Each structure stands twice: as C-alpha cells, then as structure tokens.
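Here's the letter readout for the chains.
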2 protein chains.
Amino acid sequence: MNELDWLKIKQMAIMWVKEASNQLKASLVETIRVETKSSPDDLVTEMDRKIEQYFLRKIQAHFPNHAFLGEEGISGEEYKNRDTIWIIDPIDGTTNFVHQQYNFAISVAVYHKGEGKVGLIYDVMNDDLYHAMAGDGAYKNDDRLERLTPVDIDKAIIGLNARWLLYKKKANHLTMIELVDKVRGVRSYGSAALEMAYVASGRLDGYVSLKLSPWDFAAALVLLKEVGGCYSTFYGESLAILKSSSVFVGRPQFHQKVIQKFVHKELKS
Amino acid sequence: MNELDWLKIKQMAIMWVKEASNQLKASLVETIRVETKSSPDDLVTEMDRKIEQYFLRKIQAHFPNHAFLGEEGISGEEYKNRDTIWIIDPIDGTTNFVHQQYNFAISVAVYHKGEGKVGLIYDVMNDDLYHAMAGDGAYKNDDRLERLTPVDIDKAIIGLNARWLLYKKKANHLTMIELVDKVRGVRSYGSAALEMAYVASGRLDGYVSLKLSPWDFAAALVLLKEVGGCYSTFYGESLAILKSSSVFVGRPQFHQKVIQKFVHKELKS
C-alpha cells in the first residue's frame, strides 16, 4: 500500500471515530448499564461493546483482509498472520466515562507488518482529535504538533496513577516512589490514551503505567513517533505491539535519563 | 449588609475575575518569567503578583473597609479585626499555568465575620465559572449545581496528589495509602481550587490535601456548603479560615465514613 492508501484509511477512521463519538455522547443522556469486570476500576459498559462492534463491522465491510484487535477480543484466530491490523479501544477511560462523563477517548491505530501507520486519539467531550500518519507528522485538530524537546527530571510533569505507588509486592513500586519524589509534579487524568496524547502535545513530559494493553497504547505510539517522543517498557525494553506490558513514554533524553537513573539502579540492586 | 449587598459584591467580583483572566490569557502568549519559591513545585509568576495587585487595588477603591488576604501577603496588620475579608488566589495551579497553560483557576472568596458569603472559582482556559453566594445555591456557569448525594467508599473517585503517599515521616502517609487502595479511582489535576470545584459539581467525590492555605480553599467551602458537601481537616476538625491546614472535602456520609474508617483508626493506633 502507498501513502495515498494510508491517507484514505486515516480519513475513513476519522469519520468512524466521529460517528462513534456521537453514539457515546447520545448514550450519556441515557442511563448507562454498567457491569464490573476484574476490579471496580475496570468497568466495561454496554457502549464499550457497542462501539467495538461498530468498528468491527465497518472494518470487515471495507477492509475484509484486515485484522482487528480490541478489548473485547480479536477477529479470527489467524490475526497474527494478517499484514494489517486495527487496534482499537472504543472507550479509553471507562471509569471517567461512566463517572465523570468527561476525559475519555476513542483510540484507533492501524499497524502494517508491525509498523504503526495511523494513530487517532479522540477526546470526545472536548472535541480534540490527536491524529498522525507515519511520516506525515502529528496533529491536534488542525495544528501540527511541534517536535518534543528535552526536559530535566526535576522540571518534568508526568502522568502516573497513584495506585502504582502502593503495590508493595512489586519491586518497582519503590522506583515509582523515587521518581515521583524527583519530578516537579504528577498528574492523573484517568485515561492512558489521553495522557499519552498529552505527552505528544507537550502538556505532560512523560507518562508511565506498569500495565497497559495494546489498545491502550497502540495509537499513542504512532503520534509519539511523529514528534520525536520516546517509548519503551518501564525497563527500557522495546514495546511489543500485541502484548500487554509496562509502558513509559516521554520527551527525548528525559525518557532515557529516567530509565538510567531509576530503573537501571533497581535492576542492579 | 443585606442579601442585595452581597449580590452586588458577587457581581463585581465576577467582573474582576473575568478581567483578570483576560490579563492571564494575554500573558500566556508572551514569555513568562518564573522564579521558584520554596520548591520547584511551588512556582510564583510575575502574573501571580500582578493579578493580586489588581484585586487589591479594586477592593481598596470600592470597599476601603474590607481586608484582603492573598498568597503574597495581607493588607494591613489589623486585618483580623475587620468584619469583611477577601481571600484570593490569583492563580491556583501555578505549575499548570506555566507548564501546561491549562487547568489553572482564579479563586475569590468573601467572608463576613468568619462566614463564607461569596465564592468564585474560575477555570480560565475552559471558561467555566463556579460561583456561589451563601443561601443562594451554587452554579457552574448558568447551571445550578445539584445537592450532593452519598457514595460508597469503593465507588468513589477522589482527587489527591501522589506526593502525599511518599512522606514516610508523616504518620498519615499510611492512611493515605490505605484510602487510595480502597477507593475506585484517584485523579490529580494540579489545582486544589479546581479539584474542590469538581467535588461541588459531582465530577469528583472527594478531595484531600495534607496542606492547603486559606486562599486555596476559602472559595471552595462557600460552593460546597451550598450543595451539601462536607469539609474539615483530614482529622475531622473544623477548618479555620485564616490558617493553613490539611483539608478533606467530599460528598455527605462519604466524608464522615472516610474519617471514621481511616483517620480515626490511625489516631487510635
């Protein structure tokens, strides 16, 4: 496929995202039936499934050879053998969605032979679309995002869920505590996709989570690559796009310095 | 003074807040000179001083008998003897202001003989004004805020800065950790005034800080009182409006339950 094909795919994806967001907004005026998954923090709503089905149908109709990976499952068992895969989170920040009706996002990524081609993160209630196509730059709505510049650790504001400071059974909770102690500030908005879009657009300098799924971070990586942002597991290893793992993204140099200063020390001790 | 006088004061305060916000927005397109105060997290900008002076001049011109309390100091040494006092934070969330150009607020309160009469919290970049007058209800822009209803602890989303989980020398960091472990979610937006306005408007169920100054919480208490929100120190003691202290605000019942379940246990042990 050439660049024009990817541009067409991106435009269709944007259209579907906007249509899906209208369904989400309409549902917020109705009562939402909620069921809990593994923890109270991990809600999945009727709308989560509905929007996932919406994307699945659209992709199957327009790109029958493309695979689909989402929170509720994957399309077909042979998805790993297909060249092109859509990785979608219909509602990133489900707790915000049901509880705050605010700060949730639709995240859509298209990867081809393991490479991120299209990434969209749509902040539904603020009507802010973060979008990127490989080699074409990243944008927030109509504004092209600037390339990210380095920042010192003690000047950095990072996104991080306070829960990662609690888990005493995990060795890395001490690393997290040390990191929080050294940066200028910590924020938490309750949506991994949005927080990584904030990194791509400079509102945050970094974002870290000890466990994310592909649909949480696939689109963000496409955005970050276009602005020179760095990403890896929290241990500095390459991210596998079809596997859950820790994720750490950030400004250039800042990303490497944090891993050197905090994580490598932990690994040595 | 009667209700009409307070309404007039509220209207003037809103006018000044809007004018001050225009100055802030204009300054964001210029370079901001920043100097650090006690810590890198506690920035004060040229604009902080400029806006404080703006309010001070306005109040002195229109209400020469009113006292003024702000981050940069107080007007006169006899302020405690004056009946009416303005308590103002020109930029709540200074780090957000300089770093994110987003999620900062102007907080203005007017107290009379120790009682909150007017409270305004203005989310400058989102153009959201949270406002209340004693006995007249609280509003977000033109919408009257509903009275807050109870919520269970394990269903609650609270605002809390991750830093409060670190300070091992403070006995209450363990209480904080237990609280974070039990609630459904934790958010952190970097502006105490905004986070308490979120509690008043139902976006958060509670907010806790181990140290706030009067100008951080004075306006929020006026809003919270109007919607039946509860507030105290983190130990359940009454808040003194002219003293820095810990602050814990939240939905009715939820507020009391948290103090009973977590804080009283700590005090006993």
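See the structure shown above.
Description of the structure in this document. Quick caveat, the model's predicted, so the values are computed rather than measured.

**With respect to the overall build of chain A**
Now for step 1: Secondary structure assignment for chain A yields 7 helices and 15 strands.
Now for step 2: Burial analysis of chain A (269 residues in total) assigns 61% to the buried set.
Now for step 3: Summarising the internal contacts of chain A: among those between residues at least 6 apart in sequence, 62% fall at separations of at least 24.
Now for step 4: In the form shown here, chain A has an accessible surface area of approximately 11200 Å², with 47% of it arising from carbon and sulfur atoms.

**Let's talk about the relation of the copies chain A and chain B**
Now for step 1: You can overlay chain A on chain B at an RMSD of 0.0 Å; the transform is a turn of 180 degrees with a shift of 0.0 Å along its axis. Taken together, these values place the two copies in the relation of a two-fold axis. Closest to the rotation axis within chain A is the C-alpha of Ser188 of chain A, separated from it by 2.3 Å.
Now for step 2: Take the interface residues of chain A: 100% of them recur as interface residues in chain B, which is what a same-surface contact looks like.

**Digging into the pattern of salt bridges**
Now for step 1: Applying the stated criterion across every chain, the model contains 7 salt bridges over all chains.
Now for step 2: Here Asp205 of chain A and Arg251 of chain A are joined by a salt bridge, their closest N and O atoms 2.7 Å apart. Placement of the pair is Asp205 of chain A in the loop between helix H5 (192-200) and strand S13 (206-212) and Arg251 of chain A in the loop between strand S15 (245-250) and helix H7 (254-268), with a sequence separation of 46 residues.
Now for step 3: Residue class for Asp205 of chain A comes out buried when judged on its relative accessible area of 1%.
Now for step 4: One salt bridge in this structure joins Lys155 of chain B and Asp154 of chain B, with 4.0 Å as the shortest N-O distance.
Now for step 5: On the basis of relative accessibility, which here comes to 38%, the residue Lys155 of chain B falls in the partly exposed class.

**Describing the interface of chain A and chain B**
Now for step 1: Between chain A and chain B, the contact holds 32 residues from the first and 32 residues from the second.
Now for step 2: Across the contact surface, chain A and chain B share 0 salt bridges.
Now for step 3: At the junction of chain A and chain B, the tally comes to 17 residue pairs in polar contact (both at pLDDT 80 or more).
Now for step 4: Elements with a contribution of two residues or more to the side of chain A that touches chain B: helix H3 (94-99), helix H4 (172-182) and strand S12 (185-187) of chain A.
Now for step 5: Partitioning the side of chain A that touches chain B into residue classes produces 14 nonpolar, 8 polar and 10 charged.

**Quick word on the sheet that holds strand S14 (residues 230-232) of chain A**
Across a sheet, paired strands are connected by hydrogen bonds in the backbone, their directions being either parallel or antiparallel.
Residues and elements named next belong to chain A.
Now for step 1: Strand order in the open sheet formed by 5 strands is S12-S11-S13-S15-S14, with mixed pairing between adjacent strands. This sheet does not close on itself; its edge strands, each paired only once, are S12 and S14. Each strand axis lies, on average, 20 degrees off the axis of its neighbour in the sheet, ignoring direction.
Now for step 2: Sheet topology places S14 next to S15; 3 bridges connect them, and they run antiparallel. Across the sheet, Ser232 pairs through a bridge with Phe248, a residue of S15.

**Digging into the sheet that holds strand S11 (residues 157-160) of chain B**
Residue and element names in this part refer to chain B.
Now for step 1: Strands sit in the order S12-S11-S13-S15-S14 across an open sheet of 5 strands; the sheet is mixed. The open sheet has two edge strands with one neighbour each: strand S12 (185-187) and strand S14 (230-232). The average undirected angle you get between the axes of adjacent strands in this sheet is 20 degrees.
Now for step 2: Direction of pairing for S11 relative to S12: parallel, over a ladder of 3 bridges. Pairing of Gly159 across the sheet is with Arg187, part of S12.
Now for step 3: The strands touched by helix H5 (residues 192-200) are S11, S12, strand S13 (206-212) and strand S15 (245-250); relative to S13, the strand with the most contacts, the crossing angle is about 150 degrees.

**Some remarks on the packing of aromatic side chains**
Now for step 1: Considering all chains together, one arrives at 19 aromatic pairs over all chains under this definition.
Now for step 2: Both rings, one in Phe97 of chain A and one in Phe104 of chain A, keep their centres 4.8 Å apart while their planes meet at 85 degrees; by these two values the pair is edge-to-face.
Now for step 3: A residue is classified by how much of its surface remains accessible, and Phe97 of chain A, at 0% relative accessible area, is buried.
Now for step 4: Take Phe104 of chain A: its relative accessible area is 0%, and that puts it in the buried class.
Now for step 5: Over the ring of Tyr198 of chain A we find Arg203 of chain A, and its NZ or CZ is 4.9 Å from the ring centre.
Now for step 6: Stacked on the ring of Tyr102 of chain A, the Lys or Arg Arg203 of chain B has its end atom at 3.3 Å from the ring centre.

Criteria and cut-off values
Residues numbered from 1 in each chain as written. Chains lettered and ligands numbered in written order. Predicted model: local features only at pLDDT ≥ 70, side-chain atom pairs only at ≥ 80, totals over all residues. Heavy atoms only, no water. Helix = DSSP H or I, 4+ residues; strand = E, 2+ residues; numbered from the N terminus. Buried < 20%, exposed > 50% of the residue type's maximum accessible area, 1.4 Å probe, protein only. Contact = heavy atoms within 4.5 Å. Areas by Shrake-Rupley, 256 points an atom, 1.4 Å probe, with all protein chains shown as cover. Least-squares fit on C-alpha atoms with pLDDT ≥ 70 in both. Salt bridge = Lys/Arg side-chain N within 4 Å of Asp/Glu carboxyl O. Polar contact = N/O pair within 3.5 Å; in protein donor to acceptor, adjacent residues only side chain to side chain. Nonpolar A, V, L, I, M, F, W, Y, C, P; charged D, E, K, R; others polar. Pairing = 2+ DSSP bridges. Axes fitted to C-alpha atoms, helices over the stretch in contact; angles between N-to-C directions. Phe/Tyr/Trp six-rings, centres within 6.5 Å; stacked < 30°, edge-to-face > 60°. Lys NZ or Arg CZ within 6 Å of the ring centre and 35° of its normal.

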